[in-house]
Amino acid sequence: MQSTMLQTLRWSEQPTRIAVSVSAGGAETYLQVTSRVDVERVCLGRPVEELPRITSLLSPAHHLVSAMALDNLFKAAPPEPALHIRDALLHALFAAHHARKLYFLLCSRDNPFREFRLRAAGPRVACHELLTETMSCLGLAQEAAAILGGRPDHPLSAVAGGVGMSLKQVHYERLTDIAQSCRVLAVKMAHDFSEHVLNDGPTHDGLLQMEIRPPHALTLAQESGEVVVRDAHGQDVDRFAPERIFEKVSLHREAWTYEPFAYLAETGWKGFDAEASDSLFFVGPLSRVCGGGAISTPRAEELQGQLTEILAASPGITVEAAFRALLVELVAATERMETIYRQENFVGPSFRTVPSVERGNVGIAVLESPGGFIAHRYHVDDRAIVQKIEVLDAAAENNALCCLVARKAVEEAMARNLRPAQTRSMIETSLLPFR
Amino acid sequence: MRRSTLAVFTGTGCRACEHAILDIHHQVASLTPAAEIAFWPFVMGHQWEDLERLSHLDVCVIAGAVCTEDDRHAVETLRGKSHIMIACGACAAFGGLPGLANLRPAVEEHAASAPKEDEPPSLPRLAGRVSAVSGVVEVDYVVPGCPPTQGLLWAALQTVLGRGEATSRVSFACGRLPESLALALTAGVLPRKGTTFGGEKAVCASCSRVKEEKKFSAPYRPFEPAQDTGRCLLEQGLVCQGLATREGCGGLCTAVGAPCRGCFGKATDIYDAGAKMVSAISSTFDTTDGKEARAIADKFVDLAGTFYRYTLAEQCVLLSRDRKE
């Protein structure tokens, strides 16, 4: 038996490697997360109001879902301006997250730190300009997140019952400018990526057309607020209230990775084979764009229509479709930013509802984060100290899909006799839009 | 001029520090004349073999905490090859949020036996205790923060890579650094080893909130009272660690109404941040009666997790493995 270890993978938020064992029976591919922060151990015993800041180490959106869980725990509905500030922050996080993924895609075959003048003089001038646009969009979205959240990477502003700060005149004006610029950049990026990157199959060794049979998709329905599970044909398999998420989804642990795998509890864990298993589901931009309902902003809706046509042409999902979903959501987020980032949305008599004394002992919330569906549930004692915490980070934990993608990429690479470096690059780029 | 070789690596953490480097945007590319990125797995896809092949690194920026045997091996290997090592962020410098796990024993550990034929590959063994990079090897400089502010991070990179070519772009950072460090930075001279790229004073020095009189009869938790806009959080009874924490962030958290939690580590000349906070807070109790003072003290919760939120692994004297004093 021959074994290969590809360590470590680019652009992975956790230390991740690929182990491939080749024997007469075929190749076995393992996507191993080799270390992770033990959030449960970190959070147990902490005052519950500290969790929005602590759990933001998972990703910035966890700050928001944690604050929502506190709203639920303390029975404190945030005032409208606070909801707008949180919503505005979420859209900035969407734009920054997706722009960063697209930035990495652009850098996948080039050294991003080459001098600009050399890059600009090369044969891929269009990509150089696109890189500049992408960096600008990312930078602006992060600036908005810093204004609205205090910091872009680990936000601070959301608290139980609202937000801990109000905005100033200078912020309103700057946010309006940022939203306009981001929208213009995002629309241009959507066009340029389609023209110069996603249509340019040979430059990515054809991997953008790599196709896998999708498992179920799990999203939060915009209209009803319910959690929806759909099969590969877009048919509803299950619908339930967000409060039932920890009954409906369980975590499976394997000895070869520190990251657990999320699966549908009623179906039970059946392994990673998508052909045989109906217990796996995927989350994230492609899941939302395909099954989360219509997008209400004009340019993004148009792009969503184009993507639906592409998806209708084949039974599986391609890496290209996943990148296109990022573009659709990037445009949608910036269009929403332009609508929300107005002074009248951010002003009001109060920004925080002081929680009532009739606090419960359990707080739960769910959110569609840029990476995918996330959920928090806290159990606290009489002093509001955390006794138990459940965090579902389906974008990270539902890496069964990523295992399927990695396995497929290894198969393709072996069929094409690619060298290990090319194989690794293929795996990294194909995983990029899904994590 | 020979370009410096640069490595960037994160142990166990959240990548925000590496994002912080990337987020300097166009300025990172302007480092190219001074630095050649020799090892950056997260962005450039370098493999461990690439690091083994390198005989020498000029500068290594290392982030994240040490939670597994792989993390430890990486830290020791990078230290062995690097002329200058910068601990970037609270996790690398003090253990950060992952270090809070040290308050609770690990439930289980994955075995790290050699994999057998037809068996799935094994995992690196988890360390029983989370450590900072600075707790495993000696680091030359520290850029604190969770994540570090871009001004300070850029100043550190300019200082160690720029070799006297620091420009006006670092003036922002210089304005927040101690004078000796700012002078070294603009002159292109390496600062003294062990230097922290942060201020010398406490966060209170740069916090914009109005300070009047630190007296309170009961501590409050952030979900309890509606805060007075603009007034010192500690004076309102909220536990804020600004007075024991190194300055340099500009009071980012307090500016949005969130109490400081000490991600820049303890301020200069403070022996133990927790002890300092206990001393400072107890002196503000608005009573001289012992029973009343005790009743106030009983209202505080999770002192260890609050006062050592980012520094438990390395700066808590009571848990220190090699206490000298």
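Residues numbered from 1 in each chain as written. Chains lettered and ligands numbered in written order. Predicted model: local features only at pLDDT ≥ 70, side-chain atom pairs only at ≥ 80, totals over all residues. Heavy atoms only, no water.

> Is there a simple way to think about the packing of helix H4 (residues 80-107) of chain A against helix H7 (residues 169-198) of chain A in this case?
Each packed pair of helices is defined by two parameters, the angle between the axes and the distance between the axes. Residue and element names in this part refer to chain A. Contact geometry for H4 and H7: axes closest at 12 Å, N-to-C directions at 25°. Overall, the two elements H4 and H7 adopt an arrangement that is roughly parallel. As for how H4 packs across H7, the hand of that crossing is left-handed. Here Leu102, Leu105 and Leu106 of H4 come into contact with H7, specifically with Met189, Phe193, Val197 and Leu198. (Axes fitted to C-alpha atoms, helices over the stretch in contact; angles between N-to-C directions. Helix = DSSP H or I, 4+ residues; strand = E, 2+ residues; numbered from the N terminus. Parallel < 35°, antiparallel > 145°, perpendicular 65-115°, else oblique. Left-handed = near helix turned anticlockwise from the far one by under 90°. Contact = heavy atoms within 4.5 Å.)

> Is there a simple way to think about the environment of A:Ile374 in this case?
All names here are of chain A. By secondary structure assignment, the location of Ile374 is in strand E15 (residues 373-380). Exposure remark for Ile374: the relative accessible area of 0% places this residue in the buried category. Here the alpha-carbon distance between Ile374 and Phe94, two residues 280 residues apart in the chain, equals 14 Å. Every residue in contact with Ile374, bar those within four places of it in the chain, is listed here: Ala61, His62, Val65, Ala365, Val366, Leu367, Ser369, Leu392, Asp393 and Ala394. (Buried < 20%, exposed > 50% of the residue type's maximum accessible area, 1.4 Å probe, protein only.)

> What exactly am I supposed to notice about the packing of aromatic side chains here?
For any pair of aromatic rings, geometry is given as the distance between the ring centres together with the angle between the planes. In this structure the tally under the stated criterion is 14 aromatic pairs over all chains. Centre to centre, the rings of A:Phe104 and B:Phe42 are 5.8 Å apart; their planes meet at 85°, and the pair counts as edge-to-face. One end of the pair, A:Phe104, is in helix H4; the other, B:Phe42, is in helix H3 (residues 41-44), on a second chain. When its relative accessible area of 3% is taken as the criterion, A:Phe104 is described as buried. Summarising the aromatic geometry, the rings of A:Tyr341 and A:Phe346 are spaced 6.2 Å apart at their centres and angled 55° between planes, so their arrangement reads as tilted. The burial state of A:Tyr341 is the same as that of A:Phe346; both residues are buried. Joined through ring pairs, the aromatic side chains of A:Tyr30, A:Trp256, A:Phe261, A:Tyr263 and A:Trp269 make up one cluster. (Phe/Tyr/Trp six-rings, centres within 6.5 Å; stacked < 30°, edge-to-face > 60°.)

> Quick question: what am I supposed to make of the sheet that holds strand E2 (residues 16-23) of chain A here?
Strand pairing within a sheet occurs via backbone hydrogen bonds; the two strands may be parallel or antiparallel. Residues and elements named next belong to chain A. Reading across from one edge, E1-E2-E3 is the order of the three strands in this open sheet, with antiparallel pairing throughout. If you trace the sheet from one side to the other, it starts and ends with strand E1 (2-7) and strand E3 (26-33), each paired once. Along the sheet, successive strands turn relative to each other by an average axial angle of 15°, direction set aside. Here six bridges tie E1 to E2, and the two strands are oriented antiparallel to one another. Bridge pairing links Gln7 to Arg17 in E2. Packing against the sheet, helix H15 (residues 420-431) makes contact with E1, E2 and E3, and its axis sits at approximately 55° to E1. (Pairing = 2+ DSSP bridges.)

> Would you mind going over the interface of chain A and chain B with me for this structure?
Bring the parts together and some accessible area is lost; that lost area is often taken as the interface size. The partner chain B presents 73 residues to the 67 residues of chain A that form the contact. Buried area between chain A and chain B, both sides added, is near 6,100 Å², and the carbon and sulfur share of it is 56%. Where chain A packs against chain B, one counts six salt bridges. There are 24 residue pairs in polar contact (both at pLDDT 80 or more) connecting chain A and chain B. For the side of chain A that touches chain B, the secondary-structure elements that each account for two or more residues are E1, E2, E3, helix H1 (39-43), helix H2 (51-54), H4 and helix H6 (125-149) of chain A. Considered class by class, the residues forming the side of chain A that touches chain B number 33 nonpolar, 16 polar and 18 charged. (Buried area = accessible area lost by both parts, 1.4 Å probe. Salt bridge = Lys/Arg side-chain N within 4 Å of Asp/Glu carboxyl O. Polar contact = N/O pair within 3.5 Å; in protein donor to acceptor, adjacent residues only side chain to side chain. Nonpolar A, V, L, I, M, F, W, Y, C, P; charged D, E, K, R; others polar.)

> Whenever I open this one, the environment of A:Tyr378 confuses me. Can you help?
Residue and element names in this part refer to chain A. Assignment of secondary structure puts Tyr378 in strand E15. With relative accessibility at 0%, the residue Tyr378 sits in the buried group. In this structure, the C-alpha to C-alpha distance between Tyr378 and Gly363, residues 15 residues apart in sequence, is 5.2 Å. Sequence-distant contacts of Tyr378, that is, excluding residues within four places in its chain, are made with Val48, Leu51, Thr55, Ser66, Ala69, Leu70, Asn361, Val362, Gly363, Lys388 and Ile389.

> Would you take a moment to explain the side chain of B:Thr254 for this structure?
Residue and element names in this part refer to chain B. Looking at the secondary structure, you find Thr254 in helix H10 (residues 252-255). A distance of 3.2 Å separates a polar side-chain atom of Thr254 from the backbone oxygen of Gly251. Ignoring sequence-local partners within four residues, the contact set of Thr254 consists of Cys207, Arg209, Leu233, Cys240 and Cys260.

> For this particular structure, what's the right way to read the pairing of strand E2 (residues 35-39) of chain B?
Successive residues of a regular strand alternate their side chains across the two faces of the sheet. Residue and element names in this part refer to chain B. Burial analysis of E2 places four of its five residues in the buried class, which makes it a mostly covered element. Relative to E2, strand E1 (residues 4-10) is paired through four bridges, and the arrangement is parallel. Bridging across to E2, Leu6 finds its partner in Ile37.

> Whenever I open this one, the pattern of salt bridges confuses me. Can you help?
Think of it this way: side chains of opposite charge can pair up when their charged atoms draw near. One pass over the structure, following the stated rule, counts 37 salt bridges over all chains. Measuring nitrogen to oxygen at the nearest pair gives 2.7 Å for the salt bridge that ties B:Arg261 to A:Glu50. Taken together, the residues span two chains, with B:Arg261 in the loop between H10 and helix H11 (273-282) and A:Glu50 in the loop between H1 and H2. Here B:Arg261 and A:Glu50 have matching classes, each one buried. A:Glu302 is paired through a salt bridge with A:Arg299; the nearest N and O atoms lie 2.6 Å apart. Of this pair, A:Glu302 and A:Arg299 both sit in helix H10 (residues 298-312), three residues apart, roughly one helical turn. Looking at A:Glu302, the relative accessible area reads 46%, which means it is partly exposed. Residues joined in a network through salt bridges with shared partners are A:Glu226, A:Arg230, A:Asp236 and A:Arg239.

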